[in-house]
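Now for the letters of each chain:
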Amino acid sequence: MTEILLNLTVRPIPYPSEVRERLQEEAKVIIGRYPHSRSALLPLLHLVQSVEGYVSGTGIEFCAEQLGLTDAEVTAVATFYSMYRRTPTGDYHVGVCTNTLCAVMGGDQIFAELKEHLGIKHGETTADGAITLEHIECNAACDFAPVVMVNWEFLDNQTPESARALVDSLRRGEQVTGSRSAIPLCTFRETARILAGFPDQRPGATDGQAGPATLAGLHAAQEQSNGGDR
């Protein structure tokens, strides 16, 4: 109990002045997109997550100040959504779906073998800071089970062998492209900045053709529409 009380009373370490100034300018841009300022909370949480790789106490305090909210109100949102991390996260957040279908199709085995292969447990990060491993809830990709997500990008139809090769490639700094992506994965912090609403600066980010899994629904709708015209 004493430790909990101490944690509650310790003030967050402020951002360096140059970081805070940049964030304040970017926060103004984000808030200006909404008729009510508090509606900007979700992208603001992504913005602060892009700085430290998680939503720290400093990030909570910053968001509260920008929106005129209490720290408790911001914390309630940050802890509700699993996309906001509350502990430091590696360059690549690797999530293995272990909900029912992915689990029976091999998700449980993939997660168990990745833990052993990386030498870490659920929620932990490798010593080199490259990989944070977690099991995650269903991401509505059951047709492609078992699914692994890296920084919220889908890697479909995985096996223990392909999943081990995936994390090894990421740790070596090799380029990896998701099953539904046109360009290689970016880091967790870069992903957070994009989710905050800022342009993806990677060359070719808006080029190329979406992957087959992404287009499957569109093609099915087109076929249904064409069939209805006959």
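Predicted model only: the values in this text are computed from it and were never measured.

## Structural notes on the nonpolar core
Among the nonpolar cores identified, the biggest contains 25 residues, and Leu-44, Leu-45 and Val-74 are the most heavily contacted of them. Among the elements that make up this core, the one with the highest residue count is helix α3 (residues 41–52) (six residues). Look past the residues within four positions of Val-74 in its chain and what remains in contact with it is Leu-41, Leu-45, Ile-60, Cys-63, Ala-64 and Leu-69. Val-96, Val-148, Ala-163 and Leu-166 belong to the second largest nonpolar core, which has 20 residues in total.

## Concerning the UniProt feature "binding site: [2Fe-2S] cluster" (unreviewed entry) in the protein
UniProt feature "binding site: [2Fe-2S] cluster" (unreviewed entry): in the numbering of this structure it lies at Cys-97, Cys-102, Cys-138 and Cys-142. Spatial clustering of the annotated residues is evident: they stretch over 46 residues in sequence, but the largest pairwise C-alpha distance comes to 9.7 Å. Within the secondary structure layout, Cys-138 lies in the loop between β2 (131–136) and β3 (148–150). Assessed through its relative accessible area of 39%, Cys-138 is described here as partly exposed. If we ignore the near neighbours within four places in the chain, the residues touching Cys-138 are Cys-97 and Asn-99. Relative to the helices and strands, Cys-142 resides in the loop between β2 and β3. We classify Cys-142 as partly exposed; its relative accessible area is 36%.

## What to know about the packing of helix α2 (residues 17–31) against α3
In contact at an axis separation of 10 Å, α2 and α3 are set at 155° when each is read in the N-to-C sense. Taken together, α2 and α3 sit at an angle that is classed as roughly antiparallel. Like other packed secondary-structure pairs, α2 and α3 cross with a definite hand, here right-handed. Contacts from Val-19, Arg-22, Leu-23, Glu-26, Ala-27, Ile-30 and Ile-31 of α2 reach α3 at Pro-43, Leu-44, Leu-47 and Val-51. Tallied by class, the residues present in the contact of α2 with α3 amount to nine nonpolar, no polar and two charged.

## With respect to the confidence of the model for the protein
Caution applies to low-pLDDT parts of the model: their predicted coordinates are not meant to be read in detail. Within the protein, residue pLDDT values average 90, and 90% of them lie at 70 or more. Averaged pLDDT values over the elements of the protein bottom out at 48 in helix α1 (residues 2–9) and peak at 98 in helix α7 (residues 160–171). Every residue in residues 3–8 is under pLDDT 50, and counting partners more than four places away or in other chains gives zero contacts.

## Considering the pairing of strand β1 (residues 92–97)
Among the six residues that make up β1, six are buried, leaving the element largely enclosed by the rest of the structure. Alternating residues of β1 divide into Tyr-92, Val-94 and Val-96 and His-93, Gly-95 and Cys-97, and every residue in both groups is buried. Judged from the six bridges that link them, β1 and β2 form a sheet pairing that is parallel. Bridge assignment links Val-96 to a residue of β2, and that residue is His-135. Note on the crossover from β1 through helix α6 (residues 100–118) to β2: the handedness is right-handed. Note that β1 and β3 share three bridges and pair antiparallel. Counted as the bridge partner of Val-94 is Val-150 from β3.

## Regarding the sheet that holds β3
Pairing in this open sheet of four strands is mixed, and the strands run β2-β1-β3-β4 from one edge to the other. Of all strands in the sheet, those with a lone pairing partner are β2 and β4 (153–155), marking the two edges. Each strand of the sheet is rotated relative to its neighbour by a mean of 25°, with strand direction disregarded. Sheet strands touched by α6: β1, β2 and β3. Its angle to β1, the strand with the most contacts, is close to 140°.

Each value, and the rule that gives it
Per chain, the residues get numbers from 1 upward, laid out in the order the sequence is written. Local features in a predicted model are, by the rule used here, given only for residues with pLDDT of at least 70; side-chain atom pairs are given and counted only at 80 or more, and totals for whole chains, interfaces and linings are based on all residues. Excluding hydrogens and water, the side-chain values take into account all heavy atoms of the structure. We define a nonpolar core as any set of buried Ala, Val, Leu, Ile, Met, Phe, Trp, Tyr and Cys residues linked to one another through side-chain atoms lying within 4.5 Å. Residue exposure (1.4 Å probe, protein chains only): buried if accessible area is under 20% of the type maximum, exposed if over 50%, otherwise partly exposed. In this text, helices come from DSSP runs of H or I with a minimum length of four residues, and strands from runs of E with a minimum of two, each type numbered from the N-terminal end. Throughout, a residue-residue contact means that at least one pair of heavy atoms, one from each residue, lies within 4.5 Å. UniProt positions are given in the numbering used here, feature names are shortened, and annotations may be inferred rather than shown by experiment. Simply put, an axis is a line fit to the C-alpha atoms, just over the touching stretch for a helix, and the angle between two N-to-C directions goes from 0 to 180 degrees. In what follows, roughly perpendicular refers to angles from 65 to 115 degrees, roughly parallel to angles under 35, roughly antiparallel to angles over 145, and oblique to any angle outside these ranges. Left-handed describes a crossing in which the near helix is turned anticlockwise from the far one by less than a right angle; the clockwise case is right-handed. Under this grouping Gly is polar, as are all residues other than the nonpolar Ala, Val, Leu, Ile, Met, Phe, Trp, Tyr, Cys and Pro and the charged Asp, Glu, Lys and Arg. The pLDDT score gives, residue by residue, the confidence of the prediction method on a 0 to 100 scale. Here a strand pair is declared whenever DSSP counts at least two bridges between the two strands. For a crossover, the right-handed case is the one in which the path from the first strand over the helix to the second runs clockwise, viewed with the strands pointing away from the viewer.

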